[in-house]
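A look at the structure
So you can see what is in the structure, the chains are spelled out below.
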Amino acid sequence: MHGFGPESERLARLILDYVIDRLRQSPPPLDGPRTPEELRDATGQMITEHGLGPDAALALFRDVLAPACISSDHPRYVAFVPTAPTEAASFFDLVVSAANIYGDWWLEGAGAIYAEMQTLRWLADLAGFPPDASGVFLSGGTAGNLTALTVARQTWRRRHDTTRPAAVAVAPSAHSSVRLSAMVTDIPVLVVPGDEHGRLTGTLLRDALDHADQEVFAVVATGGATNTGLIDDLAGVAEVCQDRGLWLHVDAAYGGAALASSIARPWFDGIERADSFIVDPHKWLFAPFDCAALLYRDPNLARAALTQHAGYLETLAPTAPLNPSDLGIHMTRRVRGLPLWFSLTSHGTAAYDAAVTRGIELALATADRVRQAEHLELVMDPQLSVVLFRRTGWDADRCQAWTDQALASGLGLLVPTVHDGETVFRCCFVNPTTTLADVDALLDAMR
Ligand SMILES: *Cc1c(COP(=O)(O)O)cnc(C)c1O
C-alpha cells in the first residue's frame, strides 16, 4: 500500500483525470440523494478482504456514490448557502493533502501557518482589526462560534475570578449554532427581541440588558443572517458592548465574505470594535469545504483559555511565533486555510471584490424580477445575497412539491424556508457562475 511505484503513477493519472473532468463540467450534474437500500443494491459489498482495486473503487464513486450527492457548486443550486470554490482553491486542496503538514505547531508547519496568517491578516484588515489581532482556520462556523464563546466566557471568569453562571445575549437573527454552542458550554441564553426583520440593534440590546434578570458577559451579533441576509446594527451593538464591558462576537460565517466587497463593506461598520468574529471561506470566499476563519482582537486571551499542557508538548517552545493549537478547540489540524491562500495569492484581492459583489448584484436583479412577476411577491428588499419571496397562492406543501420536482428533474435546488412563521422561497447567491438566465429558469418554472 505504501511506496511510490509505477502503479502509483498510474493511480495518480486516474485520480487527476477524474478531478479535471469533474471541474471541467460546467455545469456539473446536479444529482440527488438515494436511499441506503438503493445504494446498497448499486454498490454491492465494497469493503472486502483483498480489495477491489483502485479502478473499481473509483468507478463506484464516479458512477454510484458521487451521483447520489448534490453538486453544491451547480449554478442553479441556490438553496441554503451554496459553495463555489475557484479552480485554484480546489486544485490546491490536493496539494494540502499530499504535503502532509501538521498544522498546529510552528515547529512543524511554520511555512504553511505563515501563509494562513497572511490570509487571516487580509480578513482582519478588511474588518479593521488591530495589527496584533490573529486567529485560526477551523472546520466551520459552528466550531468558530463554540470556540469564541468558550474564550469569551473563560476570559470573563478569569477577570472576575468567578465561576458563577452568566448569559450570552442573542437576537432571533442568530444562527442555530450559537444556541448549540451555548448548550454545549452550558451558557444561559438571553434572547433579545429583534427589530421588525429580526435584527439586533443597539437600542433593543440596551433595553434587554436593563431588564434582564441574569448577568450577561457576551453578545453575539450576526453579520448576515443566514435566513434573510440582513446584517445586525453592528455599530449600535458595539457601542453598548463597549459601555458595559461585554465581549462582542460577530457571527459573519455567511455574510463576512462581503467585507471584501467595496459596495458592502460600510454595512459592517462596527465590526472593527468586536472582540472576535468568524467568516466561512467555504461559503462565499470560494474555498472548498471545510474552512472557517476565526479572528480574535487579542489572541492572547484565546491562548490563556485554550492552550493544552502535557509532558510531551513541553518541547514546543513557548516562544514559537504562533501555535494554532492554542487558538482553537482542537489539536491535529489540516492546514485548511491554504486553498484560500493559494487562490487569493494567485488572483489578487480585486478579483475577490468583484466575485463577491456579483452575488449581491444578482440578488438585486433577482428582486427586480420578482417585483415584475405577477405570480411572485418580494418579502423584503435584499441586503446581501439572499432573496426571500412568495409564490402567491401556494401553501407549504405546494412549495415543497415544486422543490422536489425541480431537484428530480435536474433543474436546480431552490428550497422553501420559514420566515416570520410563513413558508416562503429563499435564494442565496454565492456562485459567480450563476446568471440571471439561471434565475429566470427557476422563477419561470414556478408559473
Ligand atoms: C453557516 C452558518 C453557520 C454555521 O457554519 P458551518 O460552517 O456550517 O458550521 C453559523 N453562522 C452563520 C450565520 C451561518 O450562516
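Further up the page is the structure itself.
All of these numbers come straight from a predicted model, not from anything done at the bench.

Locating valine 335 in the fold gives a position in the loop between helix H11 (299-306) and helix H12 (338-347). Taking the C-alpha atoms as reference points, valine 335 and alanine 182, 153 residues apart in sequence, are found 27 Å from one another. Not counting residues up to four positions away in its chain, the partners in contact with valine 335 are Val96, Ile101, Gly103, Ala112 and Glu116.

Most of strand S9 (residues 386-391) sits inside the fold, with five of its six residues counted as buried. Where strand S8 (residues 376-378) lies against S9, three bridges are found, and the strand directions are antiparallel. Each residue of the ladder has a partner; that of glutamate 377, found in S9, is arginine 390. Sheet topology places S9 next to strand S11 (residues 422-428); four bridges connect them, and they run antiparallel. Bridge assignment links leucine 388 to a residue of S11, and that residue is arginine 426.

Glancing now at the nonpolar core. In this structure, Leu205, Val219, Leu248, Phe277, Trp284, Leu285 and Leu384 are the most contacted members of the largest nonpolar core, which totals 93 residues. The element that contributes the greatest number of residues to this core is helix H5 (residues 106-127), accounting for seven residues. The residue makeup of this core includes at least three contributed by each of domain 2 (93-347) and domain 3 (349-444). The residues touching tryptophan 284, leaving out its near neighbours within four places in the chain, are Tyr254, Gly255, Ala257, Ala258, Val356, Gly359, Ile360, Leu384, Ser385, Phe429 and Val430. By size, the runner-up hydrophobic cluster in this structure holds 22 residues, among which are Leu362, Phe425, Val439 and Leu443.

Moving on: empty space enclosed by the protein. One pass over the structure, following the stated rule, counts one cavity of 30 Å³ or more. Taken as a whole, the largest cavity holds about 40 Å³ of empty space. Lining the largest cavity are Asp93, Ala287, Pro288, Phe289, Asp290, Cys291, Arg334, Arg336 and Pro339. Its residues assigned to classes, the lining of the largest cavity shows five nonpolar, no polar and four charged.

Let us look at the pattern of salt bridges. Oppositely charged side chains can pair when the atoms bearing their charge come close. Applying the stated rule across the entire model yields 26 salt bridges. Across the pair glutamate 116 and arginine 333 runs a salt bridge whose closest N-O atoms are separated by 2.6 Å. Placement of glutamate 116 in helix H5 and of arginine 333 in the loop between H11 and H12 is noted, with a sequence separation of 217 residues between them. Residue classification places glutamate 116 among the buried positions, given a relative accessible area of 1%. What emerges from the salt-bridge pattern is a single network uniting Glu7, Arg10 and Asp55.

If you check H5, its first and last C-alpha atoms are just 26 Å apart, much less than what 22 residues at 1.5 Å a residue would give, namely 32 Å. Three or more residues of H5 are buried, namely Gly109, Ala112, Ile113, Ala115, Glu116, Met117, Thr119, Leu120, Trp122, Leu123, Ala124 and Ala127. The secondary structure elements touched by the buried residues of H5 are strand S1 (134-138), strand S6 (276-279), strand S7 (292-296), H12 and helix H13 (349-372). Looking one or two residues past H5, glycine 128 carries a phi angle of roughly 85°, positive in sign.

About the cut-offs
- Residues numbered from 1 in each chain as written.
- Predicted model: local features only at pLDDT ≥ 70, side-chain atom pairs only at ≥ 80, totals over all residues.
- Heavy atoms only, no water.
- Helix = DSSP H or I, 4+ residues; strand = E, 2+ residues; numbered from the N terminus.
- Contact = heavy atoms within 4.5 Å.
- Buried < 20%, exposed > 50% of the residue type's maximum accessible area, 1.4 Å probe, protein only.
- Pairing = 2+ DSSP bridges.
- Core = buried A, V, L, I, M, F, W, Y, C linked by side-chain atoms within 4.5 Å.
- Domains from an automatic or database assignment.
- 1 Å grid on protein atoms, 1.4 Å probe; cavity = no way out; pocket = protein on both sides within 12 Å on 5 of 7 lines; lining within 4 Å.
- Points joined across faces, edges and corners; volume = space filled by probe spheres on them.
- Nonpolar A, V, L, I, M, F, W, Y, C, P; charged D, E, K, R; others polar.
- Salt bridge = Lys/Arg side-chain N within 4 Å of Asp/Glu carboxyl O.
- Expected span 1.5 Å × (residues − 1).

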